[in-house]
Amino acid sequence: MSITKTLSGAKRQRLSLIFLVVGSLLILFTLFVLFNMVFRQLVLDLNGFLEAVNDPLVISSILLTLYASFLATLIAVVLGTPLAYVLARHDFFGKNVVESVIDVPVIIPHSVAGIALYALLQSRSAVGTAFYNLGIVFEDSLWGIVVAMLFVSAPFYVNAAREGFQSINPRIERVARTLGASQWQAFYKVTLHLAIRHLFSGAVMAWARGISEFGAVIMIAFYPMIAPVLIYYRFTTQGLKGSQPIAVLLILVCFVVFMVLRLSTKYWEKRK
Amino acid sequence: MITLDNVSHEWGEFSLKNVSFSVDKGEYFVILGPTGAGKTLILETIAGFHIPSEGRIFLDGRDATDLPPEKRKIGLVYQDYSLFPHMTVEENIAFGLKMRKIPKKEVETKVQSIMDSVGITHLKTRFPSTLSGGEQQRVALARALVIDPDILLLDEPLSALDPRTRESLREELKRIHKVRGMTTIHVTHDQIEALALADQIAVILKGEVIQVDTSSKVFNEPVNERIAIFVGMENVIKGKIVSNEDGVALVETGKYQIHALSKLIEGEVNVFIRPENIILSEARLKSSARNSIRGKITDITQLGAIFRIRMDSGLTALVTKQAIEDLGLAIGKAVYASFKATAIHMTRR
Amino acid sequence: MRKISAKGLTKIQSVIISAVIAVALVGGFWYYWSANTGKVVLKVFCAGSLTLPLEEIKIKFETDHVNVEVRIEPSGSIAAVQKITESDKLADVLASADFTLIPSMMMPDYADWCIRFAKNRMVLAYTDNSRYADEINSTNWYEILQRTDVKWAFSNPNMDPCGYRTPMVIQLAELEYGDNMIFDNLVVNNSAITVTEEDGVYQITTPEELNPDTTRLKIRGKSVELVSMLQEGGIDYAWEYMSVAKQHDLNYLELPETIDLSTVTYTETYKKVEVQTTSENIVGKPIVYGVTVPTNALNRELGEQFVIYMINEYGQNVFLDMGQPPIVPAKTENMDNIPESLRTYVTE
């Protein structure tokens with residue numbers, strides 16, 4: 001009885017089913033690539049994996065990567081949210097240029113981005129000297145890593161935030177104003193609330209993008225080694241055997257973190 | 001209470017040109033104009049979202065042109081209601097009070113009271129996306145009224161509703177206005193709405209205010225042909241005054257002559273007759289109707305509960321179904337169209 | 001209605017904002033606590049093939065100098081030099097897989113001296129799973145590489161010395177085996193690399209677009225990538241340094257010394273091949289590692305100390321174990337510029 005019901009229900013959803021099948025090819029592709037690597041590591045060389053887990057350099061490298069990207073994302077959110085709002089709400093002379101500039105870091109080859117950042121910020125350049133006098137050094141430091149990550153990941157946040165704000169009808173903000181809300185209050189209590197899902201997913205994407213950055217970071221800060229650099233370094237000295245465990249560990253850690261974030265947003269939504 | 005003095009502004013596709021009118025305290029003022037005439041922009045300008053490039057806006061005697069929206073005591077209801085989707089009905093209504101830092105207890109009382117008076121208490125924990133159009137409309141109204149604004153701005157509040165709901169909400173608006181005596185500006189393209197609610201009407205065409213008058217004057221004495229057509233004066237006849245005896249002018253239209261009550265004594269004129277003021281008969285009427293013009297029916301169209309009859313005399317009349325049956329009206333039949341000399345509005349051409 | 005606290009923040013919002021601030025601060029403290037060790041940083045730019053031996057030397061050096069942290073940055077040799085000469089980066093020690101890069105690219109602006117401390121040789125690396133692994137030897141290797149089901153690789157001549165040395169070996173093989181088709185069959189037919197001969201000198205040209213026929217020949221940026229490909233089975237044979245093959249437990253075929261760029265005795269023979277890469281022309285010579293302390297190093301004396309660890313008896317043993325035979329004693333072209341501290345370890 002239930003089988004025939006399912007089948008007839010399925011018939012009606014024919015388009016969705018076809019789309020599901022086609023789309024699942026993409027998921028399976030990603031899944032297999034990752035699964036193959038994780039499986040080989042955990043099953044064929046569990047020792048190598050456990051060594052990596054217990055290696056303090058590996059742990060601190062992964063933590064550093066997550067933390068640096070976290071800081072970069074924080075900066076992107078604080079600076080990018082106002083920018084996204086302005087872009088969503090207003091037209092002005094040169095707006096096209098601004099929007100193109102925001103997207104440029106996505107196209108630039110990463111090593112070029114890294115060199116450009118280094119040239120601007122290294123402590124003996126004009127800008128770098130100013131920072132040096134404030135006690136901030138970029139090359140081979142956390143700041144350098146954060147800056148490189150920020151450069152490549154900010155566009156993801158700004159674009160997501162802008163779309164989020166654009167999806168909100170400005171009339172709602174106006175009504176809030178007539179009810180006595182100042183511009184800031186209308187933004188904070190109404191617009192931000194409604195856009196928060198877009199902002200959050202944009203931030204997660206920026207964070208993820210920062211974690212995986214290699215080419216730009218390595219140009220300005222080889223040390224302290226973030227995970228992608230450590231993996232490269234171990235690859236140089238020990239080949240795949242030495243680097244794969246770290247890669248697998250990084251994948252598993254990130255996977256867990258993303259799952260936790262997703263579940264907590266679902267929980268948050270439900271409590272509404 | 002509200003005065004617009006020569007307000008002009010450019011928005012790209014729409015512009016306001018030298019708009020001036022005044023709204024008295026407690027008046028129900030309707031801005032009437034075709035759809036898309038940028039009427040929303042007028043309201044937004046009064047609310048303070050656009051600063052006009054020319055002209056001033058006075059609210060309650062003071063120049064408010066540069067005053068930010070949150071400082072004007074204005075309630076605004078948009079055509080799409082613009083309820084806050086992430087808040088319940090209760091929270092939507094309470095929003096304005098919270099902005100004014102009113103203590104919690106008082107907020108609860110006021111919100112409860114307005115919900116009761118508008119009839120939406122049963123919806124208080126619902127979210128806007130689950131409400132019908134009419135329900136959302138009431139919530140939007142309650143939200144605007146609860147803060148006790150000096151002025152209420154309504155942007156086509158009834159346009160998106162089905163006829164039944166429209167009627168009941170129209171009565172609601174009338175009742176609320178009677179009870180609170182609030183100065184209201186109501187923007188619409190619907191003449192029936194305007195007639196039913198307005199103390200005064202401003203007709204706006206293409207960004208210009210053409211006529212500001214009471215409802216009956218706008219409908220029966222439109223100032224020009226454009227307005228006449230807009231307010232449903234289906235009969236606009238060109239003619240020339242031949243003579244005027246004792247205040248009754250004789251107008252020659254070429255096809256027939258019309259007797260019209262008018263102060264005009266000579267010149268080219270436009271003759272306006274409302275279609276519902278025309279009586280149809282099979283024989284010439286011997287009644288107080290001074291004009292009786294023969295013509296053959298060329299078109300019969302049903303408009304809701306009434307029918308529109310077009311004749312080859314150039315006249316259009318509105319009749320009931322009963323009248324059609326009683327008179328046996330059909331295309332091609334010759335009938336007499338009669339109307340009083342007082343039912344005519346005339347302007348110089 | 002939901003509970004709203006005094007400032008208009010919901011409970012959830014306060015929790016989240018506090019969490020974010022907490023993470024930012026805790027992370028900051030952790031970072032500064034682990035990063036500010038107060039140690040002096042000694043930076044070493046080196047060729048990829050030197051990373052393992054230098055890592056061992058680093059451990060001993062740090063044990064003996066407790067307030068020093070040695071940071072090794074491996075890359076291609078040319079890239080390492082360019083970091084200093086073009087990107088304005090600072091290093092305290094520069095170790096190259098081709099000692100000639102130091103005089104040709106760094107002197108006189110960035111270096112005064114150069115010490116040759118170890119050697120290497122070109123070998124053909126493979127695994128037990130490579131095709132014809134049980135058949136290959138030092139006389140039939142070039143024929144096996146031509147077989148249609150064999151995949152082989154070398155690194156990019158424009159980026160890696162191991163890359164430009166490979167065509168040199170293959171061209172020298174023609175002279176050794178008396179077969180003047182070897183280079184054409186293996187290299188010219190499978191890529192955009194060309195060779196011309198004039199007065200007994202073979203000029204090989206490696207353009208920017210190498211266009212290898214990837215069904216037979218693969219070219220990668222760094223020679224160490226070839227190791228993975230071998231281990232994965234993606235290729236059968238790779239041209240590597242003997243040190244790399246040894247360090248990664250690969251099988252390797254030793255070639256005649258007349259062609260494998262290993263022996264100073266055959267310097268004149270090696271001179272018969274030259275490679276014009278996209279940046280410069282390199283004459284064939286024995287593979288010799290060179291080291292210097294750049295003139296703009298932040299810690300010159302410390303750098304020189306590190307060099308000592310590379311060329312003293314301890315260092316010599318390290319390199320020997322790694323398959324990079326040390327030059328005993330270390331040599332230099334010109335003793336005049338050698339720093340005081342190093343003089344006893346070096347001869348001309």
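Keep in mind the model is a prediction, meaning the values are calculated, not measured.

(A) Summary view of the overall build of chain B. Looking only at helices and strands, one finds nine helices and 20 strands in chain B. A buried classification covers 52% of the 349 residues belonging to chain B. Once local pairs closer than 6 in sequence are excluded, the contacts in chain B between residues at least 24 apart make up 66%. Surface exposure of chain B reaches about 15800 Å², of which carbon and sulfur atoms provide 50%. Within chain B, the 45 negative side-chain charges are centred at a point lying 2 Å from the centre of the 45 positive side-chain charges.

(B) Focus on the sheet that holds strand S5 (residues 62-63) of chain B. A sheet is described by the order of its strands in space; here four strands give the open sequence S2-S1-S4-S5 (chain B), paired in antiparallel fashion. Edge positions in the sheet fall to strand S2 (15-23) and S5 of chain B, since each of these pairs with one other strand and no more.

(C) Broad picture of the domain arrangement of chain C. Domain parsing of chain C yields domain 1 (1-30), domain 2 (39-119 + 288-347) and domain 3 (122-283). Inter-centroid distance (C-alpha atoms) of domain 1 of chain C to domain 2 of chain C is 51 Å.

(D) Looking closely at the pairing of strand S15 (residues 326-332) of chain C. Residues and elements named next belong to chain C. Note: strand S4 (residues 115-119) against S15, three bridges, orientation antiparallel. If you follow Ala118 over to S15, its bridge partner there is Pro326. Here S15 runs beside strand S16 (residues 346-347); their pairing, made up of two bridges, is parallel. The residue bridging Ala330 from the neighbouring strand is Val346, located in S16.

(E) Spotlight on helix H3 (residues 77-85) of chain C. All names here are of chain C. Most of H3 sits out of view: seven of its nine residues are buried. Looking at H3, one finds that the buried residues are Ser77, Ile78, Ala80, Val81, Lys83, Ile84 and Thr85. Against the buried residues of H3 lie strand S1 (40-47), strand S2 (68-75), strand S3 (93-96), helix H4 (101-106) and helix H6 (161-177).

(F) Focus on the pairing of strand S4 (residues 54-59) of chain B. Residues and elements named next belong to chain B. Sheet topology places strand S1 (residues 2-10) next to S4; five bridges connect them, and they run antiparallel. Bridge pairing in S4 places Ile2 opposite Leu59. In the sheet, S4 pairs with S5 via two bridges, with the strands oriented antiparallel. Across the sheet, the residue bridging to Phe58 is Asp63, located in S5. Hairpin connection from S4 to S5: two residues lie between these consecutive antiparallel strands, with Asp60 at a positive phi of about 55 degrees.

(G) Broad picture of the interface of chain A and chain B. Residue-level contacts link 19 residues of chain A with 24 residues of chain B. For chain A, the biggest contributors to the area lost against chain B are A:Arg171, A:Thr178 and A:Leu179; these three give 36% of the whole. Counting the contacts that link chain A with chain B gives three salt bridges. Two residues, A:Arg177 and B:Glu70, come together in a salt bridge whose shortest N-O distance is 2.8 Å. In this structure, the connection of chain A to chain B is made through five residue pairs in polar contact (both at pLDDT 80 or more).

(H) Broad picture of the packing of helix H4 (residues 133-145) of chain B against helix H5 (residues 163-180) of chain B. Residues and elements named next belong to chain B. Where H4 contacts H5, the axes come no closer than 11 Å and their chain directions differ by 15 degrees. By the angle between their axes, H4 is roughly parallel relative to H5. For the pair H4 and H5, the crossing hand works out as right-handed. Across the interface between the two elements, Gly134, Gln137, Arg138, Leu141 and Leu145 of H4 pack against Thr165, Ser168, Leu169, Glu172, Leu173, Ile176 and Arg180 of H5.

(I) Main features of unusual backbone geometry. In this structure, the amide linkage connecting A:Tyr223 to the following residue, A:Pro224, adopts the cis form with an omega of -10 degrees. Within the fold, A:Pro224 resides in the loop between helix H11 (215-220) and helix H12 (227-271). Although it is not a glycine, B:Lys101 sits at a positive phi angle of roughly 60 degrees. When you line up the elements, B:Lys101 lands in the loop between helix H2 (89-99) and helix H3 (104-118). We classify B:Lys101 as exposed; its relative accessible area is 69%.

Calculation rules
Residues numbered from 1 in each chain as written. Chains lettered and ligands numbered in written order. Predicted model: local features only at pLDDT ≥ 70, side-chain atom pairs only at ≥ 80, totals over all residues. Heavy atoms only, no water. Helix = DSSP H or I, 4+ residues; strand = E, 2+ residues; numbered from the N terminus. Buried < 20%, exposed > 50% of the residue type's maximum accessible area, 1.4 Å probe, protein only. Contact = heavy atoms within 4.5 Å. Areas by Shrake-Rupley, 256 points an atom, 1.4 Å probe, with all protein chains shown as cover. Lys, Arg positive; Asp, Glu negative; His and termini not counted. Charge placed at Lys NZ, Arg CZ, Asp CG, Glu CD. Pairing = 2+ DSSP bridges. Domains from an automatic or database assignment. Buried area = accessible area lost by both parts, 1.4 Å probe. Salt bridge = Lys/Arg side-chain N within 4 Å of Asp/Glu carboxyl O. Polar contact = N/O pair within 3.5 Å; in protein donor to acceptor, adjacent residues only side chain to side chain. Axes fitted to C-alpha atoms, helices over the stretch in contact; angles between N-to-C directions. Parallel < 35°, antiparallel > 145°, perpendicular 65-115°, else oblique. Left-handed = near helix turned anticlockwise from the far one by under 90°.

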